[in-house]
Amino acid sequence: MTALEDRKEQFLRSLPFFLGLPEADIAALLGAGTARHYTKNQHLFLHGDRAEKLFIVIGGCTKLYSETSEGEESVVALLTEGDMLGEASIFDGAIHPFSASATEMTEIFEIRADFLKQRTKDSPELTAKIMDILSVEVQNLQREKEHLSVMSAPQRVGCTLLRLSGSMIGKGGTFTLPYDKSLAAANLGMKPETFSRALKELQSLGVTVKGSEITIESFKKLAEYSCAHCSSIEGECRGDKRPEAEETKKIAS
């Protein structure tokens, strides 16, 4: 195994999907999977295709979207490093309800559905893990619907920024937006100009933008503005940086 392959394996092992699985399952999944590169706009699959693989994003960005007969596109999700799609491939006859394409040069780790199905027959832990992930996806979709009805555009943008900074610790910090602002706007169902105006409104809360770099002066201040309008409880959202949620994370660690 090369140094690069070793780093990829360690990265995959660190993802929530693999954490807690028996070592035999982890080794089998890693051994059965294949890393593949996709160029910008290249499709992973199209709406209506049979679900035949589980996909894990190693690097880059993948767009999950729907399209009308007149060519109108709606971005359902933007998936970046560590995100998964295609979990429903473990079900017989499952088809993709959306299309997926790379928004830039993207590397994907792919595991065949037939292998997953066979493995889940012998591994209740793996079956439970996939079902948990599907459950979280349903909850996320319900939460996004809630956000559309009760949160303003700046609050929804603030929520997105907090989620993207979810792995960061400390009072504040700077990170790079992992995709183009126009895609971020589309993912939130906004026009680019609405997204830009929302970012400007967040300046009073200590959010500054320089190109693709986002600086949040105070995670707590932004969370108090955005998270108060979300029904998520502690531990449900990786971007939740309300004081009580941060205290819970400290205790858990």
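Residues numbered from 1 in each chain as written. Predicted model: local features only at pLDDT ≥ 70, side-chain atom pairs only at ≥ 80, totals over all residues. Heavy atoms only, no water.

*Asks:* With reference to specific residues and values, describe the nonpolar core.
*Replies:* Residues Val157, Leu161, Phe195, Leu202, Ile214, Ile216 and Leu222 are the most contacted members of the largest nonpolar core, which totals 26 residues. Mapped onto this core, the elements with two or more residues apiece are strand S5 (73-79), helix H5 (153-164), helix H6 (181-187), helix H7 (192-201), strand S11 (213-216) and helix H8 (219-226). Among all residues touching Phe195, those that are not within four sequence positions of it are Val157, Lys181, Ala184, Ala185, Leu188 and Met190. (Core = buried A, V, L, I, M, F, W, Y, C linked by side-chain atoms within 4.5 Å. Buried < 20%, exposed > 50% of the residue type's maximum accessible area, 1.4 Å probe, protein only. Helix = DSSP H or I, 4+ residues; strand = E, 2+ residues; numbered from the N terminus. Contact = heavy atoms within 4.5 Å.)

*Asks:* Can you explain helix H4 (residues 124-150)? Please cite residues and give values.
*Replies:* Here H4 is 27 residues long and its end C-alpha atoms lie 39 Å apart, about the 39 Å a rise of 1.5 Å per residue gives. Of all the positions in H4, only Leu126, Lys129, Ile130, Ile133, Leu134, Arg143 and His147 are classed as buried. As for H4, its buried residues are in contact with helix H2 (23-32), strand S6 (84-85), helix H3 (113-122) and H5. (Expected span 1.5 Å × (residues − 1).)

*Asks:* Could you give an account of unusual backbone geometry, with specific residues and numbers?
*Replies:* One non-glycine residue, Asn41, adopts positive backbone phi at about 75 degrees. As for its placement among the helices and strands, Asn41 is situated in the loop between strand S1 (34-38) and strand S2 (43-45).

*Asks:* Any chance you could break down the environment of Gly173 for me, citing the residues and the numbers?
*Replies:* When you line up the elements, Gly173 lands in strand S9 (residues 173-176). Judged by its relative accessible area of 17%, Gly173 is buried. Remark: the alpha-carbon pair of Gly173 and Val207, spanning 34 residues in sequence, is separated by 9.9 Å.

*Asks:* Lay out the pattern of salt bridges with the relevant residues and their values.
*Replies:* Within the structure shown, the criterion is met by eight salt bridges. Glu107 is paired through a salt bridge with Lys8; the nearest N and O atoms lie 2.3 Å apart. Residue Glu107 is located in strand S8 (residues 106-112), and its partner Lys8 is located in helix H1 (residues 3-13); the two are separated by 99 residues in the primary sequence. Taking relative accessible area as the criterion, Glu107 reaches 11% and is therefore assigned buried. Since its relative accessible area comes to 21%, Lys8 is described here as partly exposed. (Salt bridge = Lys/Arg side-chain N within 4 Å of Asp/Glu carboxyl O.)

*Asks:* Would you mind going over the environment of Leu54 in detail, with residue names and values included?
*Replies:* Its place among the elements puts Leu54 in strand S3 (residues 53-59). Here Leu54 is in contact with Phe17, Met84, Leu85, Gly86, Glu87, Ser89, Phe109, Glu110, Ile111 and Leu116, once residues within four sequence places are set aside.

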